[in-house]
Structure formats: C-alpha cells, structure tokens
Amino acid sequence: MKKIIIAIDGFSSTGKSTVAKQLAKALGYVYIDTGAMYRAVTLFAMNHNLVGQGYLHEKELEEKLSEIQIHFKLNPTTDVADVYLNGENVERKVRTLEVSQYVSPIATVSAVRRKLVEQQQKMGEEKGIVMDGRDIGTVVFPKAELKLFMTASAEKRARRRHDELLERGEHVSYEDVLENVVTRDKIDVSREDSPLVKAESAIEIDNSNLTLQEQFDKILSLSKKSISETS
C-alpha cells in the first residue's frame, strides 16, 4: 500500500498536534510537529535576548540560525516524539504561555521559515508522515495527498488551552489565554510570508462541538479513504 503525506493546518489550539499524533500512531506513520520547531526557535531567541516584550532583533536572530539544531526523539514513557533543541529535551519548556506569546512574531521571520521549511520537506521525502502547522498544505507540501484545515471558535480554543496549562501547573488566567489566542490569529493570518490560509483542496474540520473521539474517527476515515484512492 502506497504511503501518503497528510498535511494538517489550522488555527492555534485547535488540537492539530493531538489528532496528528493519534493519526500517525493508528496508521503507522511518522508524526512531525512543526509548531514545536517554531517554538524551539522561539525559546532559543528568548534565551539569547533576541525577542521579548516589544522587541524582536530579527537580523541578529538570522545570524544565529546556523547555531540552531532541532530534532525529534521518541519518548518511551509517552510513546510520542519530544522536541530537542541543540541536544536538550525542551518539550515542556516550549509549551509554556511565555513561549506562546512570541512564537507568532518569530514565525513571521522569513529566514526562520525558510530554514524550517527546508528541514520539513526533507523529513517528508519518504512520505508516510503526518505533519501539522500553519502552512503545510500551502507551502511545505502543496501536493500532499490529504490536506485538512482545523478551526474552532476562539473561546473554545482558549478554554481548551487554559485547561491544558492548568494541568501542567501553570497559573494563568483564561482572559490572558484568550487574548493570546486572538493575537496569534491576527498575526498568523496577516503576516506577509506564508500567512495562514486554507488550501484550496483542504477539507475543513470545525471541532468547536466535536469530542476528541469524534474528531479522530472523522479524520481517520478521511485518511484511510485517501490512502486507498492513492493506492
């Protein structure tokens, strides 16, 4: 049976990574979390005082991109791949609200996008992958056999994100999380380089009122259909 590329795009906190991980496991595919790659670059920029409240030293970041090495390694405890930045497991660090505040501005830097898109395309050469992000079906893999675009109301997404952060022990307010979600949406859809848009052939999944199981069943069915049609 031929393997395909499954591209999952959409707004922040729509559960793209969660369903992509489930899907990859069910199909025996490799899961690649591109959002974690941008978060890793953001963490690097924060650690080197290249981004912060009201500033982004874009030129200096571009000059340091060659110092950034990102890879994924399977975590035997969770059975999913953790993201590593220059040899350090930064899976928990990149999921904080602080990193979330700066990841969209970092993702607008063309040099960052070029570097990561090149890595992502290399990862997909053998196919058999599930990749999620903001521009997978439009820029990274415009010829992906299956493209999905996930969306939900900002309030629903903020509530889910808030609950997730509380479970991790981060004490943040729902209002702050909602503000972050709305701000990221504006940046993602309005940036000049690879703005967040639904690819023409993408199937929209609005999960505002879907359970995780309902969403997974729907996407798994679409994936199997696409694989059978490709084969």
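If you're wondering where the values come from, they're calculated on a predicted model, not measured in any experiment.

Topic: the layout of surface pockets
Here is step 1 of the chain: Taken as a whole, the largest pocket holds about 1,100 Å³ of empty space.
Here is step 2 of the chain: Contributing to the lining of the largest pocket are 44 residues, with G15, S17, T18, R95 and E164 lying nearest its centre.
Here is step 3 of the chain: The leading source of residues in the lining of the largest pocket is helix α1 (residues 16-27), at 5 residues.
Here is step 4 of the chain: Classifying every residue of the lining of the largest pocket by side-chain character gives 7 nonpolar, 17 polar and 20 charged.
Here is step 5 of the chain: In terms of lining residues, the second largest pocket is bounded by 18 residues, among which Q53, Q101, Y102, N180 and T183 are the most central.
Here is step 6 of the chain: Taken together, the elements giving at least two residues each to the lining of the second largest pocket come down to β3 (51-52), β4 (55-56), α4 (97-107) and α8 (174-190).
Here is step 7 of the chain: Residue composition of the lining of the second largest pocket, by class: 7 nonpolar, 8 polar and 3 charged.

A few points about the confidence of the model for the protein chain
Here is step 1 of the chain: For the protein chain, mean pLDDT is 93; residues scoring 70 or higher make up 100% of the total.
Here is step 2 of the chain: Averaged pLDDT values over the elements of the protein chain bottom out at 87 in strand β5 (residues 70-75) and peak at 98 in strand β7 (residues 88-89).

Procedures and definitions
- By convention here, each chain's residues receive numbers from 1 onward along its written sequence.
- Local features in this predicted model are restricted to residues of pLDDT 70 or higher, and side-chain atom pairs are both shown and tallied only at a pLDDT of 80 or more, whereas totals for entire chains, interfaces and linings draw on every residue.
- Hydrogens and waters are ignored; side-chain quantities use all the structure's heavy atoms.
- Of the two site types, the cavity is a set of points on a 1 Å grid over the protein atoms alone where a 1.4 Å probe fits but cannot get out, and the pocket is an open set with protein on both sides within 12 Å along at least five of seven lines, each lined by residues with an atom within 4 Å of a point.
- Grid points are joined across faces, edges and corners, and a volume is the space filled by probe spheres set on the points.
- Helix and strand assignments follow DSSP, with helices taken as H or I runs no shorter than four residues and strands as E runs no shorter than two, numbered in order from the N terminus.
- Three categories are distinguished: nonpolar for Ala, Val, Leu, Ile, Met, Phe, Trp, Tyr, Cys and Pro, charged for Asp, Glu, Lys and Arg, and polar for the others, with Gly belonging to the last.
- As a per-residue measure, pLDDT tells how confident the predictor is, with possible values from 0 to 100.

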